[in-house]
Amino acid sequence: MRYAETGYDLEVDLTTGNIERVESDPELTLKHIGGNGVAAKIIWDRVSPETDAFSPDNLLVVSAGLMAGTPVPTANRTLFCTISPVTNYFSNSIMGGYFAPELKYAGYDRIIFRGKADKLVYLYINNDVVELRDASHLAGLGAQATAYKLKDELGDMRVQVAAIGQAGENRVYYASVEHSNASASRGVGVIMGDKRLKAIAVRGTKDLRVAHPEECFNVCLKHSQDIGTSPLNGDLMAIEWNDAFHHDNFAWGNSRVRQRGYWSQALEDRWKDYTLSIRDRLQGCFNCPKNCHLIVKPPGYNRYAVKCYGKGVWHMAAFKEIEFSFDAMAVSQELGFDTYAASQTIAYALELYDEGILTDDDLPDFPEDSADRFFYMMDIIAHRKGIGDIFADGMWRAAKAIGKGAENFEHNCIKKFEQLPLKLGKINYTYYLMYCCSDKMAINQAEGSYPQDATSDPADRQKFVDEWISAPERFKKFYMEWEPRTNPTYEAAMNIADWNEIMHYMDDSTGLCAFCSSFRGQFGGGTAYHIYNVPYFLKLTHGMEIDAEDLWRALRRNRNLVRAINVSRGLRREDERPPEDHWAVREPENEERIIMDYYEFKGWTSDGIPSKDTLVGLGLDYVADEFIKRGILTGNETEGKFVELPLYTEGMSREATTMVRKADEYTLTERLKTEKYEGKDF
Ligand code: SF4
């Protein structure tokens, strides 16, 4: 009997149309948990390093997080994993909403797509009925329009649809997969388009078993109530009116201009009034008591859900105000763009035009107003019209194709992928390591479990660490020693960078929402999920008996397996650089030293390759063998020694780590009495 998972994958060959229901290996779950971990193992086994992202042999693995669909609140994430053409490396994008639970209820943990269809199709799943169906009538439709049309045709509004828009159909490199109030970005929608897969529509009505049903239900009910009343969980961006942090600190345009002091009370009042005037309601994801998603209906556009920081990126890229972002999101989500990458790429195009590198010959009838210019660019990029064809391949490739100095304005990519716009002062060691060495495509996939700034008052710091339940002791010490506006020590920076990213691997494998877990650890006490209590939820749902150390080890295994995929595809030290123009003040010598120290800390060689010692230490012997066979390692390297890193439970016995904070000992709501959030409208 399998618990929390169905034990079955769907293998879909888009070339032949063959579909098989295949039992999965339960050992894979114990080793890799689920989500991106199991997907990485599948891609390691079946996609050779020589396989091009656009090859029919590339896989698209749509993988539910292990706890998705169980009573565990906020466990609803779907992982889209593939080799992305943007980087030529492994990409995983985590998506909220309702898709993964529905897939589980239909009887499947994963869908593994291979091959390419010869015409546009969609996959229809209704429990045991699984069919590839003609989607030619959906060609050219937007992502949301596709979802509604399919629900209508299928006569069931409860069907969950993940679809691409025109950008995905036309293989725009930064196309997204759109689903309800969520989306999967970071270079995965392009693979759906390349495989001629317009949508996946799933409906499931089967049971999903959990290992300890009564205890699971009781604990999760209380946990859900706690999360629901906690201001320390959920995505504040949907309901927080003061957004001075992003507007005063992030760069505008193509990562060039900071507008410190931009925010004001008058602006906040005006933007709040406008947002409320178009707000329909707030909406949460599956089995979540929070309502993080604004449902809006701007004048002249269809109703849609605002997703994460899409609310800010468009108007900041265009130097406009919030009305523009709401209009831009309506268009971009329908076309199916990754909002971070698309807004940056278009801002880049506008900059090239202003500099005379692009002319009216390149952009005929180019409008005067920047808002109109953004809509113009979205249209020509999504449909690959004219020079839009070049920009559809992303900023890094567009710079190379255009030449004429365009390369000098491309300054915000890492490993060929456009980043969130930032231009800050002095280099930050922790972020330097995360930008350079993370195998995720964007910084927001790696940050969040540790505060971004120190507070000056030691008493405040002490209070913070006293309540910080998610952090191992070592991080509390680092935080206490950290003075504002200074870098943490090398040792602290390495530990923090490593911890930040591996906490995301926890969410990416379990299917928990980062806004109640990895991304919220930075705000201190009250995070719903952390390394110490997730093993308990895994036991209640799946039945696995592991402690925090075991979980940590599995996540390190996943992280190194993803690294190994990328290394086998050519990733080396020279590729690990932050966006060129990110910090005004750089420290070349320290940068080189800290990155070397970090590789050693990770158990990697000085070229960033996981050593044989590390791979074997993490149970990835087969990766070490393959690396030696391919000449990537000799197997005799003396650098990159495997370090057990038992640091996460220092001062605690191994048994103690299994003593999680059960719901009755763990009342998030108590914080409401003392927090600054008291009385706020959540
Ligand atoms: S906290 Fe917000 S983003 Fe996370 S699952 Fe709940 S509604 Fe979705």
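Remember, it's a predicted structure, so these values are computed and weren't measured experimentally.

Moving on to the overall build of the chain. Helix and strand counts for the chain come out as 24 helices and 21 strands. Taking 682 residues into account, the globule formula puts the C-alpha radius of gyration at 26 Å, and the chain, at 24 Å, falls close to it. When the backbone C-alpha atoms are referred to their principal axes, the chain occupies close to 70 × 60 × 60 Å. Per-residue burial for the chain yields a buried fraction of 55% across its 682 residues.

For the rest of this paragraph, the subject is the sheet that holds strand 4 (residues 78-83). The sheet built from six strands is open, its strands ordered 2-1-6-3-4-5 with mixed pairing. Edge strands, defined here as strands with exactly one partner in the open sheet, are strand 2 (19-23) and strand 5 (90-95). The sheet shows a mean angle of 20° between the axes of neighbouring strands, direction not considered. As paired strands, strand 3 (residues 60-64) and strand 4 are joined by five bridges and run antiparallel to one another. Residue pairing across strands places Val 62 opposite Phe 80, the latter belonging to strand 4. Set on the sheet, helix 3 (residues 99-106) makes contact with strand 3, strand 4 and strand 5; between it and strand 3 the angle comes to about 85°.

Below, the discussion takes up the sheet that holds strand 16 (residues 293-296). Pairing between sheet strands relies on hydrogen bonds along the backbone, with the strands arranged either parallel or antiparallel. In spatial order, the strands read 15-16-17; together these three strands make up an open sheet with antiparallel pairing. Sheet topology places strand 15 (279-283) and strand 17 (304-305) at the edges, where each strand pairs with a single neighbour. In terms of strand pairing, strand 16 meets strand 17 through two bridges, oriented antiparallel. Bridging across to strand 17, Ile 295 finds its partner in Ala 305.

Let's shift gears to the domain arrangement of the chain. As far as domains go, the chain holds domain 1 (8-203), domain 2 (240-418) and domain 3 (424-668). A C-alpha centroid distance of 31 Å is found between domain 2 and domain 3. Contact with domain 2, which involves eleven residues of that partner, is made by ten residues of domain 3. Residue composition of the side of domain 2 that touches domain 3, grouped by class: seven nonpolar, three polar and one charged.

Before going further, it helps to examine the environment of Gly 189. You can see Gly 189 is positioned in helix 6 (residues 189-194). Taking the number of C-beta atoms within 10 Å as the measure of exposure, Gly 189 has 33 and is therefore buried. Discounting chain neighbours no more than four positions away, the residues touching Gly 189 are Ile 164, Ala 167, Gly 168, Ala 175, Ser 176, Val 177 and Gly 336.

Attention shifts here to the site of the ligand. The environment of the ligand is formed by 13 residues, the closest being Gly 284, Cys 285, Cys 288, Cys 292 and Cys 513. Residues belonging to the shell around the ligand are distributed by class as follows: six nonpolar, five polar and two charged.

Our next topic: the packing of helix 17 (residues 458-466) against helix 18 (residues 473-481). In contact at an axis separation of 9 Å, helix 17 and helix 18 are set at 165° when each is read in the N-to-C sense. Taken together, helix 17 and helix 18 sit at an angle that is classed as roughly antiparallel. Viewed along their axes, helix 17 and helix 18 form a crossing whose handedness is right-handed. Contacts between helix 17 and helix 18 involve Arg 461, Phe 464 and Val 465 from the first element and Lys 476, Tyr 479 and Met 480 from the second. Taken together, the residues that form the contact of helix 17 with helix 18 break down as four nonpolar, no polar and two charged.

A few words on unusual backbone geometry. The phi torsion at Thr 74 lies on the positive side, around 70°, for a residue other than glycine. Here Thr 74 is to be found in the loop between strand 3 and strand 4. Residue class for Thr 74 comes out buried when judged on the 30 C-beta atoms lying within 10 Å of it. Residues other than glycine seldom take positive phi values, yet Asp 365 does so here, at roughly 60°.

This part covers the environment of Leu 420. Here Leu 420 shows up in the loop between strand 19 (417-418) and strand 20 (424-426). Between the C-alpha atom of Leu 420 and that of Asp 57, which follows or precedes it by 363 residues, the distance is 31 Å. Setting aside anything within four residues of it in sequence, one finds Leu 420 in contact with Tyr 340, Ala 442, Ile 443 and Asn 444.

What follows is about the nonpolar core. One finds Ile 43, Tyr 122, Ala 199 and Leu 433 to be the most contacted residues of the largest nonpolar core, which totals 210 residues. Other than its neighbours up to four places away in sequence, Ala 199 contacts Tyr 122, Ala 135, Leu 138, Thr 146, Leu 150, Val 161, Ala 162 and Ala 163.

With that settled, the discussion passes to helix 13 (residues 370-382). Counted at 1.5 Å a residue, the expected span for helix 13 with its 13 residues is 18 Å, and the 18 Å between its end C-alpha atoms agrees. Within helix 13 the residues assigned to the buried category are Phe 374, Met 377, Met 378, Ile 381 and Ala 382. Angular distribution of buried residues about the axis of helix 13 spans 115°; they occupy a single face of the element. Structurally, helix 13 contributes buried residues whose contacts are with helix 5 (166-169), helix 10 (310-318), helix 11 (322-335), helix 12 (339-354) and helix 14 (388-391). In the stretch just after helix 13, Arg 384 is the one whose phi turns positive, near 50°.

Within helix 3, seven of the eight residues are buried, leaving the element largely enclosed by the surrounding structure. Of the residues making up helix 3, those classed as buried are Phe 99, Ala 100, Pro 101, Glu 102, Leu 103, Lys 104 and Ala 106. Downstream of helix 3 by a residue or two, Gly 107 has a phi angle that is positive, lying close to 110°.

With respect to the helices and strands, the residue Asn 636 is situated in the segment after helix 24 (621-629). Judged by local crowding, Asn 636 falls into the exposed class, with 7 C-beta atoms found within 10 Å. In the structure, Asn 636 is positioned 302 residues away from Glu 334 in sequence and 53 Å away in space, judged by C-alpha atoms.

For the rest of this paragraph, the subject is the confidence of the model for the chain. Averaged over all residues, the pLDDT of the chain is 92; the fraction at 70 or higher stands at 94%. Low pLDDT, under 50, characterises residues 651-664; the stretch is placed with 24 contacts to residues that sit more than four places away or in other chains. Taken together, the stretch residues 669-682 has pLDDT below 50 and engages in 16 contacts with residues farther than four places along the chain or on a different chain.

Among the seven residues that make up strand 12 (residues 197-203), seven are buried, leaving the element largely enclosed by the rest of the structure. With six bridges joining them, strand 7 (residues 121-126) and strand 12 adopt parallel strand pairing. In the sheet register, Leu 123 faces strand 12, and the bridge partner there is Ile 200. By the bridge criterion, four bridges tie strand 9 (residues 160-163) to strand 12 in an arrangement that is antiparallel. Bridge pairing links Val 161 to Ala 201 in strand 12.

About the thresholds
Residues numbered from 1 in each chain as written. Predicted model: local features only at pLDDT ≥ 70, side-chain atom pairs only at ≥ 80, totals over all residues. Helix = DSSP H or I, 4+ residues; strand = E, 2+ residues; numbered from the N terminus. Rg over C-alpha atoms; globule rule 2.2 N^0.38 Å. Buried ≥ 20, exposed ≤ 12 C-beta atoms within 10 Å, placed from the backbone. Pairing = 2+ DSSP bridges. Axes fitted to C-alpha atoms, helices over the stretch in contact; angles between N-to-C directions. Contact = placed C-beta atoms within 7 Å. Domains from an automatic or database assignment. Nonpolar A, V, L, I, M, F, W, Y, C, P; charged D, E, K, R; others polar. Near = placed C-beta within 6 Å. Parallel < 35°, antiparallel > 145°, perpendicular 65-115°, else oblique. Left-handed = near helix turned anticlockwise from the far one by under 90°. Core = buried A, V, L, I, M, F, W, Y, C linked by C-beta atoms within 7 Å. Expected span 1.5 Å × (residues − 1). Arc of directions from axis to C-beta. pLDDT = per-residue confidence, 0-100.

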